[in-house]
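Here's the letter readout for the chains.
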Amino acid sequence: MTLEQVSPENGAGALSDGSRQINRVAAQRAAADLLAALGADLESDGLRETPRRMVDAYLELLTPQPFRPTTFANEEGYDELVIVKSIPFHSLCMHHVLPFHGVAHIGYLPDERIVGLSKLARVVELFARDLQVQERLTTQIADWIQAQLAPKGVGVVLEAEHLCMSLRGVQKFGATTVTSALQGQVRDDPRTRQEFLALTKRSEP
Ligand SMILES: [Zn+2]
């Protein structure tokens, strides 16, 4: 589980801004080689198209959808936390290239700008479609909101199940990893921090 194993030339850690270059032909060849090396008979009916399907799946999982992060003037001077809870997301763990999935809770304390609420879901998607670690995904979402809105504070909590943990290794099925990134008043003001954490607390037992 070391980041050093990931080198820039293998494409891992590429920016989630659509700049990722995926070589479909090379990927399909490599997928076929991997399957063959794993003992699969690529001439059999069910497997013949599998290298192509594998690459299609990875392409979809690793390609973020661009969107316009429209922000608006905070004309009403709204100065309480804005929170969107339980945004479903999935991503690929960069250490095992297996999915991790769960929900994101995002909150910010507006200053002069506010953002359409659906954009907060889109920003999760923007960074989730990458080879990721949950900690980095959490921070990237918070940093993006900070950069776009310059709010008084921002908080992001991610709860996810990692298939590399539930299906292999320790095989802890259903274990949830929780990460958070708190910035500005959400981090520094005890009342706001408390409010954010209370509002994003898990509702299920
Ligand atoms: Zn993993």
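As a starting point, this report considers the structure included with it. Predicted model only: the values in this text are computed from it and were never measured.

**Quick word on the overall build of the protein chain**
Item 1. Across its full length, the protein chain holds 7 helices and 7 strands.
Item 2. Listing each helix as α and each strand as β along the protein chain from the N terminus yields α-α-β-β-β-β-α-β-α-β-α-β-α-α.
Item 3. For the protein chain, buried positions account for 25% of its 205 residues.

**With respect to unusual backbone geometry**
Item 1. With a phi angle near 55 degrees, Ser86 is a residue other than glycine that sits in the positive phi range.
Item 2. When you line up the elements, Ser86 lands in strand E2 (residues 82–93).
Item 3. Residue Val97 is not a glycine yet carries a positive backbone phi of 50 degrees.
Item 4. Within the element layout of this structure, Val97 appears in the loop between E2 and strand E3 (99–109).

**A closer look at helix H3 (residues 117–128)**
Item 1. An ideal rise of 1.5 Å per residue puts 16 Å on 12 residues; H3 measures up with 18 Å between its terminal C-alpha atoms.
Item 2. When H3 is considered as a whole, its buried residues turn out to be Leu120, Val123, Val124, Leu126, Phe127 and Ala128.
Item 3. Buried residues in H3 make contact with E2, E3, strand E4 (113–115), strand E5 (131–132) and helix H4 (134–149).

**Quick notes on the pairing of E3**
Item 1. Taken together, the 9 bridges between E2 and E3 define a ladder with antiparallel strand orientation. Across the sheet, the residue bridging to Ile83 is Gly107, located in E3.
Item 2. The hairpin turn running from E2 into E3, its antiparallel successor, is 5 residues long, and Val97 in that turn takes a positive phi close to 50 degrees.
Item 3. The sheet contact formed by E3 and strand E6 (residues 153–162) spans 10 bridges and is antiparallel. Within the sheet, the bridge partner assigned to His101 lies in E6 and is Glu161.

**Overview of the packing of H3 against H4**
Relative placement of two packed helices is described by the angle separating their axes and the distance separating the axes.
Item 1. Two numbers describe how H3 lies on H4: the axes approach to 9 Å, and their chain directions differ by 130 degrees. In terms of axis orientation, H3 runs oblique to H4. In this structure, the crossing between H3 and H4 has a hand that is right-handed. On the side of H3, the interface is formed by Val123, Val124, Phe127 and Ala128, while H4 contributes Leu137, Gln140, Ile141, Trp144 and Ile145.

What counts, and where the lines are drawn
- Residues numbered from 1 in each chain as written.
- Predicted model: local features only at pLDDT ≥ 70, side-chain atom pairs only at ≥ 80, totals over all residues.
- Helix = DSSP H or I, 4+ residues; strand = E, 2+ residues; numbered from the N terminus.
- Buried ≥ 20, exposed ≤ 12 C-beta atoms within 10 Å, placed from the backbone.
- Expected span 1.5 Å × (residues − 1).
- Contact = placed C-beta atoms within 7 Å.
- Pairing = 2+ DSSP bridges.
- Axes fitted to C-alpha atoms, helices over the stretch in contact; angles between N-to-C directions.
- Parallel < 35°, antiparallel > 145°, perpendicular 65-115°, else oblique.
- Left-handed = near helix turned anticlockwise from the far one by under 90°.

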